[in-house]
Amino acid sequence: MQDLKLLQLGYEIETCKRLLNFITDENVHLKIRLSAVLKDNFEKNMLEEMDNYLSKFVAQDELINLLKNDISKIEKQLWGKIHEDGEIMKDIYLGLRLLQSNILTTVGLFIKLSEDFNNFLSERLVMTT
């Protein structure tokens with residue numbers, strides 16, 4: 001039974017990593033899109049808002065890095081407990097649940113940010129053409 005618990009926790013940790021990697025990749029694409037718009041359709045009246053979005057994308061990167069560090073800590077705890085006494089401590093499980101909750105919140109915030117940015121571009125680019 002202990003092996004199944006370890007496999008499950010390992011699976012959940014890998015799922016967290018994949019979600020964060022996905023958000024990281026999408027955030028890169030949004031920054032590339034922002035850059036392309038500034039190159040091709042630079043309008044001074046958009047500059048402040050574009051800078052605001054860039055700040056939000058950078059903040060998103062920082063949050064993702066913090067969550068990735070949390071994953072590393074949980075993995076180290078897990079491996080330490082396995083090698084130490086073979087028991088999975090409840091604090092590891094609770095830490096993973098908290099991490100998953102934080103990741104889901106981050107995913108929701110990222111989806112909202114992405115939607116807002118795309119709506120902003122759609123509205124502004126339609127208005128300028």
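Residues numbered from 1 in each chain as written. Predicted model: local features only at pLDDT ≥ 70, side-chain atom pairs only at ≥ 80, totals over all residues. Heavy atoms only, no water.

Chemist: Is there a simple way to think about the overall build of the chain in this case?
Modeler: What the chain contains, in helices and strands, is three helices and zero strands. Element order for the chain, N to C, with α for helix and β for strand: α-α-α. Counting the 129 residues in the chain, one finds 28% classified as buried. Put simply, 83% of the contacts in the chain that link residues at least 6 apart link residues at least 24 apart. A total of about 8400 Å² of accessible surface is found on the chain, and carbon and sulfur atoms cover 58% of it. (Helix = DSSP H or I, 4+ residues; strand = E, 2+ residues; numbered from the N terminus. Buried < 20%, exposed > 50% of the residue type's maximum accessible area, 1.4 Å probe, protein only. Contact = heavy atoms within 4.5 Å. Areas by Shrake-Rupley, 256 points an atom, 1.4 Å probe, with all protein chains shown as cover.)

Chemist: What should I look at first to understand the nonpolar core in this one?
Modeler: In summary, soluble globular proteins display a tendency toward joint burial of nonpolar side chains. Judged by nonpolar contacts, the single largest core of 27 residues is most densely connected at M50, L99, I103 and F117. Elements with a minimum of two residues in this core: α1 (2-40), α2 (44-84) and α3 (90-128). No other element matches α3, which puts 10 residues into this core. Excluding anything up to four places from it in sequence, I103 contacts C16, L19, L20, L67 and I71. (Core = buried A, V, L, I, M, F, W, Y, C linked by side-chain atoms within 4.5 Å.)

Chemist: Would you explain the packing of aromatic side chains in this entry?
Modeler: Inspection of the entire model under this criterion finds four aromatic pairs. On the numbers, 5.3 Å between centres and 35° between planes, the contact of Y53 with F120 is tilted. You can see Y53 sitting in helix α2 and its partner F120 sitting in helix α3, a full 67 residues away along the chain. F120 carries the same exposure label as Y53, and that label is buried. Through successive ring pairs, a cluster of aromatic residues spans Y53, F57, F117 and F120. Of note, K56 hangs over the ring of Y53, and the distance from its end group to the ring centre comes to 5.4 Å. (Phe/Tyr/Trp six-rings, centres within 6.5 Å; stacked < 30°, edge-to-face > 60°. Lys NZ or Arg CZ within 6 Å of the ring centre and 35° of its normal.)

Chemist: What is the right way to read the pattern of salt bridges from this model?
Modeler: Opposite charge on two side chains permits them to pair, given that their charged atoms come into close proximity. Under the criterion given, the structure shown has six salt bridges. One salt bridge connects R97 with E12, and the closest N-O pair in it is separated by 2.4 Å. Highlighted residues: R97 in helix α3 and E12 in helix α1, separated in sequence by 85 residues. By relative accessible area, which is 27% here, R97 ends up partly exposed. Since its relative accessible area comes to 11%, E12 is described here as buried. A salt bridge links K31 to D61; the nearest nitrogen and oxygen atoms lie 2.3 Å apart. With K31 in helix α1 and D61 in helix α2, the pair connects residues that are 30 residues apart, well separated along the chain. The exposure class assigned to K31 is partly exposed, which follows from its relative accessible area of 22%. When salt bridges with common partners are traced through the structure, they connect E14, K17 and E75 into a single cluster. (Salt bridge = Lys/Arg side-chain N within 4 Å of Asp/Glu carboxyl O.)

Chemist: Even after reading the chapter, I still don't get the environment of D116, so can you show me in this structure?
Modeler: You can see D116 is positioned in helix α3. Note on D116: relative accessible area 27%, which makes it partly exposed. Along the backbone, D116 and Y53 are 63 residues apart, and their C-alpha atoms lie at a distance of 9.3 Å.

By themselves, these figures tell us nothing about what the structure is for.
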